[in-house]
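What the coordinates show
Here's the letter readout for the chains.
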Amino acid sequence: MRAALKMLAGVYALAVYGFIFLPVAVLILYSFQATLFPIPPFTGPSLRWYEAVLGDRRLMAGLVNSVSVAVLSSAVAVVLGFLAAYGFARFRLPAQTALRALITAPLMVSYLVIGMGLLILFNATGVPKSLVSAGIAHAVINLPLSFAIIYSQIGDHHLYAERAARDLGARQWQVLVLVTAPMLWPALFASFFLAMTFSWDEFVMAFLLTRFETTLPVEIWNLLRSGLNPKTNAVGSLVFGVSIMAVLIIELVLVRTLRR
Amino acid sequence: MASRADWRPWAYVGPALLWTAAFFVLPFLAMGWVSLTAYGTGEGPTLANYGHFFANDSYRQAMVNSLEVTLAVTVISVLLAYPFAWFLAEIVPERWQRLGLMLAILPFWTSYVVRSYSWLLVLGERGVLNNAMTGLGVLAEPVQLANTRLAIITGFVHFFVMLLTLTIFANLKQLSPSYRRAAADLGASGLQIFVYVILPLTLPGIMVGAFLTFVLAIGDYITPQILGGGSELLMPQLIMLQVGRRGDFPMASALSLLLMAVVTIAYFACARWLKIERA
């Protein structure tokens, strides 16, 4: 009975793994297609579509734009989130529960709605569509995330080290930069990385808030308009490969330091 | 302790508060105001945009479609993910669990736009699935799978099974084994332990995951746009249509706020399970 249940569970789990992997496997396989359409039969392997992607100026520009937007907006989100978390953890503020709720509120709202609001505000104030607008939107959604992660990690035990530093003559900014931030670095690193991945993959706000220069997801979207195309498979597979490598690096770095 | 007149804490929390006020609260107020103005003339305040939504069948239908699809996605994803997470947490040996979980969320790292597109490759008329089915003689000729509601739901479920597996797995791992032992000592069978002990204890985790699924799915434009192929409109598509075709920001704002209202109602419906725990 128990063995039968285990068998059943195993078969079920394999089926779910199959479901999860099916589209990705198809995506990658047909990125090596030699002919014009990513549909059976498989005619590859060929690298022509990877060459096409690497030679596509718009896609490469989108890649660079995406990385810049992700790095800068995540940096803004983490710095603001860190300062706010420090303020709430070390001081007593009037209406602090409400203020904390305000900072985390964007987590509850659809990206589409936040993007629409910003588009309307920027339209009304004459701010043109640009990568900066998209970066601002990304920082809006990533600030609550960074704040929540860092706030949950600031403990009172860090207080003694901060006091000790002050007693030894450190100025307040030195305490923050040289004592508090290094003690919290796993939280800072985790929130920065998480913010990067959200920004890197975000579509709808970038779509609404940029015009000529835009991010990679929007460029991929433009590519989709031409229908099924192995080039889209190739760029998708490349993004997948890069993300997996990033995850592995993070995993190694974080696991190493946590074990120490 | 800092006194009331102390400005120091504001130097820390101020930037984040200002940022949120300028780029989150202010846009909301702007959107609220714009939703009360008339398209073209800008006159207002008027409730005409909201009136138009409730009077217009095709607009209301978009909301109904959104609710139906999102609820179906939420329920199916939970039902698929729970046994899977249970398998990972209970059957898989401890040392392989991390790997099993990482594999289960691997496609998470593909681009969001590309993930929907890759389902087109599977479900398309000459796609992998139709090709295999006709090849095996199960189907005489290809059936339409892409550009249907089924395709939209499949694409969504694929993403949210991964998300829910993560949250439910974490929940199952947090349970102390002593609950199970206590129930077993008191004579409960395996099934009884699951139904009366494990399931109620993991309900909060399920609800958090289900709420997250609901919020993310109902606001998503990409999946229905790519996989639905215009067979029916969902709310996010209707909103984007207002902006794209006519630049009708008043209507787009009103529809966005109506979508927000639905999410808020869902939040209050689940609120008793959604208490965010503090360390």
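Predicted model only: the values in this text are computed from it and were never measured.

1. Comments concerning the overall build of chain A
- Across its full length, chain A carries 12 helices and zero strands.
- Listing the helices and strands of chain A from first to last along the sequence gives α-α-α-α-α-α-α-α-α-α-α-α.
- Its C-alpha radius of gyration of 23 Å places chain A more than 25% over the 18 Å reference for a compact globule of 260 residues.
- Of the contacts formed within chain A by residues at least 6 apart in sequence, a portion of 74% connects residues at least 24 apart.

2. Here's the deal with the overall build of chain B
- For chain B, the helix and strand inventory stands at 12 helices and zero strands.
- Of the regular secondary structure in chain B, the N- to C-terminal order runs α-α-α-α-α-α-α-α-α-α-α-α.
- The C-alpha atoms of chain B give a radius of gyration of 24 Å, which is well past the 19 Å a tight globule of 279 residues would have.
- Taken along the three principal axes of its C-alpha coordinates, chain B extends 75 × 70 × 30 Å.
- Per-residue burial over chain B gives 40% buried out of 279 residues.
- Long-range contacts, defined here as pairs at least 24 residues apart, represent 69% of the contacts in chain B between residues at least 6 apart.

3. Quick look at unusual backbone geometry
- Positive phi, normally seen in glycine, also occurs at Ala95(A), with a value near 55°.
- Along the chain, Ala95(A) turns up in the loop between helix 3 (57–90) and helix 4 (96–104).

4. Considering helix 6 (residues 131–153) of chain A
- Under the 1.5 Å per step criterion, the end-to-end length of helix 6 of chain A is 32 Å for 23 residues, consistent within 8% with the ideal 33 Å.
- With 19 of 23 residues buried, helix 6 of chain A lies mostly within the body of the structure.

5. Focus: the environment of Ala217(B)
All names here are of chain B.
- When you line up the elements, Ala217 lands in helix 9 (residues 190–218).
- Taking the number of C-beta atoms within 10 Å as the measure of exposure, Ala217 has 27 and is therefore buried.
- For the pair formed by Ala217 and Leu29, sequence separation is 188 residues and the distance between their alpha carbons is 24 Å.

6. Brief notes about the confidence of the model for chain B
- Per-chain confidence: chain B averages 85 in pLDDT, with 96% of residues scoring 70 or above.
- Reported confidences for the modelled complex are a pTM of 0.87 and an ipTM of 0.86.

7. So, the packing of helix 3 of chain A against helix 1 (residues 8–34) of chain B
- Taken N-terminus to C-terminus, the directions of helix 3 of chain A and helix 1 of chain B make an angle of 135°; their axes are 7 Å apart at the nearest point. As far as their axial angle goes, helix 1 of chain B and helix 3 of chain A are oblique. Considering how the two elements wind past one another, helix 3 of chain A and helix 1 of chain B form a crossing that is left-handed. Across the interface between the two elements, Leu80(A), Gly81(A), Leu83(A), Ala84(A), Tyr86(A), Gly87(A) and Phe88(A) of helix 3 of chain A pack against Pro9(B), Tyr12(B), Val13(B), Pro15(B), Ala16(B) and Trp19(B) of helix 1 of chain B.
- The class makeup of the residues in the contact of helix 3 of chain A with helix 1 of chain B is 11 nonpolar, two polar and no charged.

8. Focus on the interface of chain B and chain A
- Tallying the contact residues gives 65 residues for chain B and 67 residues for chain A.
- For the side of chain B that touches chain A, the leading source of residues is helix 1 of chain B, giving 17 residues.
- Its residues assigned to classes, the side of chain B that touches chain A shows 50 nonpolar, 11 polar and four charged.

9. What to know about the environment of Trp19(B)
- When you line up the elements, Trp19(B) lands in helix 1.
- According to the C-beta neighbour criterion, Trp19(B) is buried, with 20 such atoms within 10 Å.
- Leaving out residues up to four positions away in the same chain, Trp19(B) has contacts with Leu80(A) and Leu143(A).

10. Concerning the environment of Pro144(A)
Residues and elements named next belong to chain A.
- The topology assignment puts Pro144 in helix 6.
- We classify Pro144 as buried; it has 23 C-beta atoms within 10 Å.
- The spacing of Pro144 and Thr104 is 40 residues in sequence and 4.5 Å in space, taken between C-alpha atoms.
- In this view, Pro144 contacts Ile103, Thr104, Pro106 and Leu107; residues no more than four positions away in its chain are not counted.

Definitions and limits used
Throughout this description, residue numbers start from 1 for each chain and increase along the sequence as written. Labels are handed out in written order, letters beginning with A for the chains and numbers beginning with 1 for the ligands. Local features in a predicted model are, by the rule used here, given only for residues with pLDDT of at least 70; side-chain atom pairs are given and counted only at 80 or more, and totals for whole chains, interfaces and linings are based on all residues. A run of DSSP states H or I qualifies as a helix once it reaches four residues; a run of E qualifies as a strand once it reaches two. Both are numbered from the N-terminal end. Within these notes, the globule rule equals 2.2 Å times the number of residues to the 0.38 power, and the radius of gyration is based on C-alpha atoms. In this description, a residue-residue contact is defined by the distance between C-beta atoms placed from the backbone, which must lie within 7 Å. In this scheme every C-beta is placed from the backbone, and a residue whose C-beta has 20 or more other C-beta atoms within 10 Å is buried, one with 12 or fewer is exposed, and one in between is partly exposed. Given a helix with a known number of residues, its expected span is that number minus one, times 1.5 Å. A residue's pLDDT is the predictor's confidence in that residue, given on a scale from 0 to 100. Axis angles are defined between N-to-C directions and span 0 to 180 degrees, where every axis is a line fitted to C-alpha atoms and, for a helix, only to the segment in contact. By the definition adopted for this analysis, an angle is roughly parallel if under 35 degrees, roughly antiparallel if over 145, roughly perpendicular if from 65 to 115, and oblique otherwise. By convention the crossing between two helices is left-handed if the near helix lies anticlockwise of the far one by an angle smaller than a right angle, and right-handed if it lies clockwise. Residues are grouped as follows: Ala, Val, Leu, Ile, Met, Phe, Trp, Tyr, Cys and Pro are nonpolar; Asp, Glu, Lys and Arg are charged; all remaining types, including Gly, are polar.

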